[in-house]
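Descriptive analysis of the structure
Residues per chain, in single letters:
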Amino acid sequence: MTFPFRSGIAYRTARIVALVALLLGAGSLAIISPLVHERTRSNASARLQSLVDTVANTTSAACFVEDAVLATDVAKGLLMNSVVSGVVIRSAEGELANSARDGKPWTQAELDRAHGIVRKIYSPFDSSAPVCEMVLIPDQEELTRLSRESMLFAVSMLVPHMLAIMLAMTFVVFRWIVLPIKKMSDRLHAMRDGSGELLAVPTGHGNSELGRLVGDINELTSGLARAKDAAEQASLSKGAFLATMSHEIRTPINAVVGMAYLALKTDLTEQQRDYIEKIRASGGHLLDLVNDVLDFAKIESGKLELEVAAFDLDQLMDRVASIASLRARQKGLTLSFHVELAIPRRLVGDSLRIGQILLNYINNAIKFTANGFVEVRASLAEKTDRRCRILLEVSDSGIGLTDEQMSRLFGLFHQADPSTTRKYGGTGLGLAISKQIAGLMSGEVGVKSTYGVGSTFWATVEVDLPDEAPDTAPVPMSDLPTVQPALRFDGARVLLAEDNLLNQQIAKEMLEDAGVVVTLANDGKEAVDRATSAPFDCILMDVRMPGIDGLQATKALRMLKTTADLPIIAMTANAMVEDREDCLRVGMNDFIPKPVNPEQFLQILGKWIQPGASGVAPRETERRTSAPDNISTKEQAATKEKTHVDLTGIRRNIRGNAEQIRNLVLIFRQTASKSLADAHLAFAAKDAAQLAQIGHRCKSSSRYMGAHDFADFMLDLETSAKQGDWARIETTLLRLDEEWSRVEAELGGAANY
């Protein structure tokens, strides 16, 4: 960084030194000038006195005999001295000589004013008897000239000395103060990267104020470096925590939403369907909250990044409409979309984030509108050759907002009214996230509302135009999107790599319901083996799996000629941006976050598998018939005592379907028993990583199945394994064995249900 010259310390120091030198010089001249002037006059007087003394002896004879001619000659001789302007020689009888440089004799009044030098002349025969006196009048102009010459000489001698002093002062100040400070400034400027390097103490300043300043700066720098490292570590820990919690939360949500989806495809009573619809809606709401929290974390850490890709505006609006239309219809609202024809249909930007803004606005409008309409409008606010600004507006006929309520919107965790959360739900993050997204797109957000009448939320976003000429041809849009028929992939072969058996069942039944032939793989190694031994149209790859995980398996498959171009889609509960980037970096083609949205799941699958294109015969999918959820009297009595498996919770998750309950219990007994045996083997081999993996994998499914104590012990196993606490691991394994014997006994009864 270059500082302006006039703002630098060097320039200011030089200016101060020069000013000080000038002041000193002026002060010196003010003091010396009178002294020089007085000294010059004193010297002239001394010279004249000496001259009078010299001439007095010569003149004494002329004065004694009253020789006026000789006295006049002596006076004229004295006038030849440049300092003398007049000479008067007087005896007791009168003037013997009166000479002046201008030829005019001196009057007594002029003599009195001239302050001449008076010298008595004594008789040559009696040195005590005066015979006359001589008056020499000095030439004032000549004295002034001599004073000026003396002054000029003094100044000519003083100026070099003052310049030398100024240069010496400047050198000392620069060498001792300015240069050390400049080096410190340059070094501090170079240390902005927080490298933690320290300043060197300037030479000769070990015990000076500068040396102490350097020490204080070094101490402060070290403290800041430690604080920066701690903050970065905290940020990394928070990111890791969010990633882990995202995975842990999404896994059970996937089971809730997925099982609800599968249950809704079975024969249900009206009451059962209502219950499961509400379970599925609650799971979706919980997923929205998780997504909002993750987006908020990305915003807070500055990691919310925009994708730059070409998209079709009408397709974006259709996608938003397809998502929002169901909720609008459920509340009996009219949902309409109006896109201005002037907006180019082909744009470049982040269509998902634009859709997120619209969905946030639309969901709020639907939430706070009891009857009437919700209207979505897109208009062209500004357009250049390369970019355009789009105005997005969502209007409703809902409850409206007061001015005071509007002032609190768009802030983190702020809602229009404290009672909003209790009555309507939500975190207050949606509008804040919309504001951040619009800001990243060089746009703004706002709201116009009339209390009790309705509101209009608006946002502007800037997007790029593609290189080719934009297509502005109008594409008609209906008020609500046409319902697309469900995609089918009859006979398509898909390899599903998933270690969680519940997730396996959900994904397998979804795929089989769409006509897919599913092959299962329980870990990455098995996925690689199966993918290389048989042809597949696509692989659905979980990321976190024991042994070889999904990322490693994908790398291995991409190195093989037979699977180098095989579509591989990540299907994982890790939903952070970094997770998506990791998947794409190793060669995966797409990314499906858990919990899986069935419609989105099939749409993404349709990008990589041509529906109905496979030559394999369609596989019949078996529909299970739900049975009444009857509980025996004996079982009801048993629930009054402490249970180690919450059978009621299992039946609540899969309401009334006895066959599915038996299948899940059987799967859980097999996998949990094997996991416990593997844990003992890992303990014998002192494999802490394997123990942590077993605890992590088994705790979620255990908790889902209602074995909460067993799940807690598995969590303790994971934690102690990560800490390397082998004594605690041994104790935990003993407790797991004891608890498993009780859990398995209770599950045995459930298996016969």
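The rules behind each value
Residues numbered from 1 in each chain as written. Predicted model: local features only at pLDDT ≥ 70, side-chain atom pairs only at ≥ 80, totals over all residues. Heavy atoms only, no water. Phe/Tyr/Trp six-rings, centres within 6.5 Å; stacked < 30°, edge-to-face > 60°. Helix = DSSP H or I, 4+ residues; strand = E, 2+ residues; numbered from the N terminus. Buried < 20%, exposed > 50% of the residue type's maximum accessible area, 1.4 Å probe, protein only. Lys NZ or Arg CZ within 6 Å of the ring centre and 35° of its normal. Pairing = 2+ DSSP bridges. Axes fitted to C-alpha atoms, helices over the stretch in contact; angles between N-to-C directions. Contact = heavy atoms within 4.5 Å. Patch = residues over 30% accessible without salt bridge, like charges linked within 9 Å, V, L, I, M, F, W, Y side chains within 5 Å. Areas by Shrake-Rupley, 256 points an atom, 1.4 Å probe, with all protein chains shown as cover. Salt bridge = Lys/Arg side-chain N within 4 Å of Asp/Glu carboxyl O. Parallel < 35°, antiparallel > 145°, perpendicular 65-115°, else oblique. Left-handed = near helix turned anticlockwise from the far one by under 90°. Nonpolar A, V, L, I, M, F, W, Y, C, P; charged D, E, K, R; others polar.

**Quick look at the packing of aromatic side chains**
Under the criterion given, the structure shown has 3 aromatic pairs. Each ring, one from Tyr361 and one from Phe457, has its centre 5.5 Å from the other, and the planes form 45°; the classification is tilted. A residue pair is termed long-range when its members are at least 10 positions apart, and Tyr361 in helix H8 (residues 351-367) and Phe457 in strand S11 (residues 454-464) qualify at 96 residues. Like Phe457, Tyr361 is buried. Where Phe683 meets Trp726, the ring centres are 5.9 Å apart and the plane angle is 50°; that geometry is what we call tilted. With Phe683 in helix H19 (residues 658-684) and Trp726 in helix H22 (residues 726-751), this residue pair connects regions lying 43 residues apart in the sequence. With relative accessibility at 18%, the residue Phe683 sits in the buried group. Lying across the ring of Phe683, Lys686 places its NZ or CZ 4.6 Å from the centre.

**Describing the sheet that holds strand S15 (residues 568-572)**
Hydrogen bonds between backbone groups are what pair the strands of a sheet, and the pairing can be parallel or antiparallel. Taken in spatial order, the 5 strands of this open sheet run S13-S12-S14-S15-S16, and their pairing is parallel. The sheet terminates laterally at strand S13 (517-521) and strand S16 (590-593), the two strands that pair on one side only. With direction set aside, neighbouring strand axes in the sheet form an average angle of 20°. Where helix H13 (residues 524-533) meets the sheet, its contacts fall on strand S12 (493-497), S13 and strand S14 (538-541), and the angle it forms with S13 comes to roughly 135°. Packed onto the sheet, helix H14 (residues 550-558) meets S14 and S15 and runs at close to 155° relative to S14.

**Overview of a nonpolar patch on the surface**
Judged by side-chain polarity, Ile16, Val20 and Leu24 come together as a nonpolar surface patch covering roughly 250 Å² of accessible area. Within the element layout of this structure, Ile16 appears in helix H1 (residues 9-64).

**What to know about the packing of H8 against helix H11 (residues 430-440)**
Running from N to C, H8 and H11 point in directions that differ by 150°, and their axes come no closer than 9 Å. Taken together, H8 and H11 sit at an angle that is classed as roughly antiparallel. Crossing handedness for the pair H8 and H11: left-handed. Every residue of H11 that contacts H8 at Arg353, Gln356, Ile357, Asn360, Tyr361 and Asn364 is listed here: Gly430, Leu431, Ile433, Ser434, Ile437 and Ala438. Here the contact of H8 with H11 is composed, by residue class, of 6 nonpolar, 5 polar and 1 charged.

**Overview of the sheet that holds strand S2 (residues 94-100)**
With antiparallel pairing, 4 strands are arranged side by side in an open sheet as S2-S1-S4-S3. For this open sheet the edge positions go to S2 and strand S3 (117-122), each flanked by a neighbour on one side alone. Pairwise comparison of adjacent strand axes, ignoring direction, gives a mean angle of 15° for this sheet. Here 6 bridges tie S3 to strand S4 (residues 130-138), and the two strands are oriented antiparallel to one another. Residue pairing in the sheet places Ile121 in a bridge with Cys132 of S4. Lying over the sheet, helix H2 (residues 68-79) contacts strand S1 (84-91), S2 and S4, oriented at roughly 30° with respect to S2.

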